[in-house]
Structures are given as structure tokens and as C-alpha cells.
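Geometric and topological summary
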Amino acid sequence: MTTHRAKQKIVVVGAGVVGLTSALALLRRGTYSVTVVGTHLPGDFASTYTSPWAGANWWPVSRADTREAEWDTQTFRELWRLANTVPAAGIAVRECHIYKRNKDAGGIITDWIDSLLSDEPWFRELAPGFRKLEKAELPKGVDSGTTFSSVCINPAIFLPYVLGECLQLGATVRRGTLRHIAEAAGMHAEGKADVVVNCTGLMAGKLGGVMDEKVIPARGQIVVVRNEAPTMMTISGTDDGPEESTYIMMRPNGGGTVIGGSYEKGNFETAVDPNLTQRIMKRAIELCPELVKPGQGVEGLDVIKTYAGLRPFRIGGVRLEKEVIDDVVVVHNYGAGGFGYQASYGMAEYAARLVDEQSPVEKANL
Ligand SMILES: Cc1cc2nc3c(=O)[nH]c(=O)nc-3n(C[C@H](O)[C@H](O)[C@H](O)COP(=O)(O)OP(=O)(O)OC[C@H]3O[C@@H](n4cnc5c(N)ncnc54)[C@H](O)[C@@H]3O)c2cc1C
């Protein structure tokens, strides 16, 4: 005789890239009924909703042999598959050039992207076409560099795409703002939830029952232009200030070319600094003259918009663990800083396994 067990009820709080991929990982198991709740949903733009502001690409900053490297690896495989087989996902394969100046060693930007800058990074077997650049291939002032193929994501297409995948698998989506994480248990479409998955990003620092003081913004100011760039590229530092960086990535499907940037920890300011905008544009043209016509400067950039996004950085790393709060089982999945897209599917799978541990079958086997 076959017994049909009722699906476990899960509420995922947050509809950024982390919440949506977490919901998808749960729904793909077929054993969960999932409601997604968010103050903001795909289509919205708000300072406390980081995902729409991202580049976004896959440039790992994780260290070798860590769980973060595992998440990046799993995510790369999924993003690569989507880029090559699912045009509706809004992801494209791009060649990358990563440049290093020895004088930047020890700086804020170099520390942030240290793994990416390595001549022999852990992902050299994973990223197709990885090799060191020849001296003749390096721009002026650059000491060394690498090249490989990776992916670039257009968030305006990708976020609705993942949301659509969730809906296709039966998810319910609700708009709502929680004052306390335990309230989420009462927001499932079919009754009290068995597990709540907390994917509130930067707001995990302010949400009742969580109030994680380790969560801070890492501000990133960028300019999106209509000009096209031949490859994605970045460099280890700038001469303009320790928190300023230079990177360029052309989003697929008309999403514009993102030129950045900055990495300002603890800075909540979302108003654009116009002087920083000028420096960002000037540096981008120096690194990638092909962005504009020969002889042109920043006036050759056709700006779509300029903005500052707040990466949900967490001191000590991502919080991916289970906790019981006011009798509600909560799986936390937040604090992805500048790598929420590139680690998303891996983090989501890890979170889903923590939820699996709560299922009656798994618990009986413990
Ligand atoms: C300029 C810039 C460039 C970036 N480039 C890249 C890149 O190239 N590659 C990469 O991997 N990453 C990149 N990032 C980082 C990436 O954007 C983040 O890591 C990612 O978006 C974090 O996603 P999240 O789902 O955790 O948070 P968010 O996208 O902020 O989503 C949080 C969700 O929680 C909801 N929420 C919060 N509080 C509550 C509440 N109390 N009640 C209900 N709902 C709530 C919000 O409404 C929202 O739906 C970049 C970021 C910036 C700013």
C-alpha cells in the first residue's frame, strides 16, 4: 500500500537571488509546499533589496577547500548550463580578463578579490580556457593577469525567470513585511509552516528575532552604459582611493554594460557621489579604451543610470545554519556580500539540506 505523506510547509522570507534559489531548491525536491514572502519582489528597486542592483557575474572570491568554494563550484555548473541551454534565463558566457598590479598588494580591493587575482586560483580547472596572460597581452601598468570564460547575468531577466520556475513548481508568492522572523510561520498559504528559511539579506541586521549585528553594507557605486565591452575585466586596485575599484561587465540581452565601482564597508549611503561617478568612468576607459570611439573620453559613454547598491556583507561570513526561535525552526541563509549570485545555487542546496533534516523521514532515520 502506498501512503501519501502531506507536503511539509515551508515559508521562505526574501525574494532576492538567495531567497528565490532557496525556494527553487526546495520545490525541486517535490516534497515541500513553499510560500515566498517579501517586502520587495522582482520588478522592485529599493535600497534594502540588493539583487536588482548587481552586475552580476561569476568571479569567485572564496578560498580553496572551503564550503564557499563548494557553493561557487555548484553554482558555476548551474549558471553555465543555463547560459548554454536556457536563453530565457538571461545569462551569457563571457571571456574575462583579471589584471594585477603588484603595488596594490594588501589593499582593500586586493583583499576582497584575492582568490580571483591569484595566478593559480582553485577554480582554474573549472573555468573553461583558464590561462595566464602573456606580458604582451597586459595593459600598461599591469604586472600580471589571467583569462578564462565565465558567465554574466542580467538580473532584470534572471530574477523573474527564477520566480517563474518557482511558480511553475507550485510556489505561492506573497508580499509582506515581518517585524519578527517567527511571524513568518503564520504566512504559509496552507496553515502553520513547519520551517522558515530566512533570506532577508541586509535586513537580517534589523529583523526581530535575528538582529544580527555582524551584517553590514558594503556599498557599491556603479554606472550602467549603453556602450559595449569586448570582455569582462577587473583590476586589483586604483590610484583613487582604497575603497575604489574598476570592473566592467556587459550584461546580456540589452541589460547595459556595468562599470564599477567601489567596496565601502559600513557605508549605508545610497545617494550617488557624482565625483566618484566621474572617477569610475575615467578609470573604465583607461582600462578598456574600446568602450568609446578612438579619441573619446568620458563624454563618449552613453549613460543609462548611475546608482549605489548595498551588498549584504556579514563579518565572519555567510550565516547558513538552523536555529529554533520562539518554537519556530528557522534556517538562516543570508550575508552573501558581493557573491550572492555566484554562490546562489550552492547556498540554496545547502539550505535545502538543512530543511531536509527536519522532514519526518530524515528525523526518523537520525
Ligand atoms: C553594485 C553591486 C554589484 C554586485 N555584483 C555582483 C556580482 O557580479 N556577482 C554576485 O554574485 N553578486 C554581486 N553582488 C552581490 C549580490 O547582489 C548580493 O549578494 C545579493 O543580491 C544578495 O541577495 P539576497 O537575496 O541575500 O538579498 P536581497 O536581494 O537584498 O533580498 C532580500 C529579500 O528579503 C526581503 N526582506 C528583507 N527584510 C524583510 C522583512 N522584514 N520582511 C519581509 N521581507 C524582507 C526583501 O524585501 C528582499 O526580497 C553585487 C551587489 C552590488 C550592490
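Just above, that's the structure.
All of the points below concern the structure found in this document. (Residues numbered from 1 in each chain as written. Predicted model: local features only at pLDDT ≥ 70, side-chain atom pairs only at ≥ 80, totals over all residues. Heavy atoms only, no water.)

Side note on the overall build of the protein chain
- The secondary structure content of the protein chain amounts to 8 helices and 15 strands.
- Here the C-alpha atoms of the protein chain give a radius of gyration of 21 Å, agreeing with the 21 Å that 2.2 N^0.38 yields for 366 residues.
- If one aligns the C-alpha atoms of the protein chain with their principal axes, the spans along those axes are about 75 × 40 × 35 Å.
- The buried share among the 366 residues of the protein chain stands at 58%. (Helix = DSSP H or I, 4+ residues; strand = E, 2+ residues; numbered from the N terminus. Rg over C-alpha atoms; globule rule 2.2 N^0.38 Å. Buried < 20%, exposed > 50% of the residue type's maximum accessible area, 1.4 Å probe, protein only.)

Quick word on helix α5 (residues 155-168)
- Along its 14 residues, α5 runs 19 Å from first to last C-alpha, staying within 8% of the 20 Å computed at 1.5 Å per residue.
- Of all the positions in α5, only Pro-155, Phe-158, Leu-159, Tyr-161, Val-162, Leu-163 and Cys-166 are classed as buried.
- In the core, the buried residues of α5 are packed alongside α1 (17-29), α2 (67-85), β3 (91-100), β5 (144-153), β6 (172-175) and α7 (344-356).
- The N-cap of α5, judged by a side-chain oxygen 3.1 Å from the amide nitrogen of Ala-156 a few residues on, is Asn-154.
- Positive phi appears at Gly-170, one or two residues downstream of α5, with a value of about 100°. (Expected span 1.5 Å × (residues − 1). Contact = heavy atoms within 4.5 Å. Polar contact = N/O pair within 3.5 Å; in protein donor to acceptor, adjacent residues only side chain to side chain.)

Considering the sheet that holds strand β1 (residues 8-13)
- Read across the sheet, 6 strands follow the order β6-β2-β1-β7-β15-β14 without closing on themselves; strand pairing throughout is mixed. The outermost strands of the open sheet, each flanked by one partner alone, are β6 and β14 (319-325). Within this sheet the neighbouring strands show an average axis-to-axis angle of 20°, counted without direction.
- Note: β14 against strand β15 (residues 328-334), 7 bridges, orientation antiparallel. The partner of Arg-319 across the bridge, within β15, is Tyr-334. (Pairing = 2+ DSSP bridges. Axes fitted to C-alpha atoms, helices over the stretch in contact; angles between N-to-C directions.)

Topic: the packing of α1 against α5
- Contact geometry for α1 and α5: axes closest at 9 Å, N-to-C directions at 25°. Overall, the two elements α1 and α5 adopt an arrangement that is roughly parallel. The handedness of the crossing between α1 and α5 comes out as left-handed. Two secondary-structure elements touch here, α1 through Val-17, Leu-20, Thr-21, Ala-23, Leu-24, Leu-27 and Arg-28 and α5 through Phe-158, Leu-159, Val-162, Leu-163, Glu-165 and Cys-166.
- Residues of the contact of α1 with α5, tallied by class, amount to 10 nonpolar, 1 polar and 2 charged. (Parallel < 35°, antiparallel > 145°, perpendicular 65-115°, else oblique. Left-handed = near helix turned anticlockwise from the far one by under 90°. Nonpolar A, V, L, I, M, F, W, Y, C, P; charged D, E, K, R; others polar.)

Structural notes on the site of the ligand
- The full set close to the ligand counts 41 residues, and His-40, Ser-51, Asn-57, Gly-337 and Gln-342 are the nearest of them.
- Contact distances for the ligand include 2.9 Å between an oxygen atom and a backbone N or O atom of Ala-15.
- Here Cys-199 contributes a backbone N or O atom positioned 3.5 Å from an oxygen atom of the ligand.
- Within the residue set of the shell around the ligand, elements represented by two or more residues are α1, β8 (215-225), β10 (244-250) and β13 (303-314).
- Examining the composition of the shell around the ligand, we find that 4 residues originate from one element, β13, more than from any other.
- Residue composition of the shell around the ligand, grouped by class: 20 nonpolar, 20 polar and 1 charged. (Near = heavy atom within 4 Å.)

Side note on the nonpolar core
- With 82 residues, the main nonpolar core has Ile-10, Val-12, Leu-26, Val-34, Ile-91, Phe-148 and Phe-158 as its most contacted residues.
- A per-element tally of this core places α1 first, with 8 residues.
- The residues contacting Phe-158, other than those within four sequence positions of it, are Val-17, Leu-79, Leu-82, Ala-89, Ile-91, Ile-153, Tyr-341 and Tyr-345. (Core = buried A, V, L, I, M, F, W, Y, C linked by side-chain atoms within 4.5 Å.)

Here's the deal with the side chain of Thr-147
- Mapped onto the fold, Thr-147 is located in strand β5.
- A relative accessible area of 6% means that Thr-147 is categorised as buried.
- Polar side-chain contacts of Thr-147 include one of 2.8 Å to the backbone oxygen of Cys-96.

Description of the packing of aromatic side chains
- A complete count under the given rule lists 13 aromatic pairs for this structure.
- With a centroid separation of 5.7 Å and an interplanar angle of 80°, the aromatic rings of Trp-58 and Phe-123 are classed as edge-to-face. A residue pair is termed long-range when its members are at least 10 positions apart, and Trp-58 in the loop between β2 (32-38) and α2 and Phe-123 in the loop between α4 (114-117) and β4 (131-132) qualify at 65 residues.
- Given the relative accessible area of 0%, Phe-123 is considered buried.
- Relative to Tyr-341, the ring of Phe-158 has its centre 6.1 Å away and its plane inclined at 50°; by these criteria the two rings are tilted. With Phe-158 in helix α5 and Tyr-341 in the loop between β15 and α7, this residue pair connects regions lying 183 residues apart in the sequence. For the pair shown, Phe-158 and Tyr-341 are each scored as buried.
- Put simply, the rings of Trp-58, Phe-76, Trp-80, Trp-122, Phe-123, Phe-130 and Phe-148 touch in pairs and so form one group of aromatic residues.
- If you follow Arg-67 out to its NZ or CZ, it ends over the ring of Tyr-350, 5.4 Å from the centre. (Phe/Tyr/Trp six-rings, centres within 6.5 Å; stacked < 30°, edge-to-face > 60°. Lys NZ or Arg CZ within 6 Å of the ring centre and 35° of its normal.)

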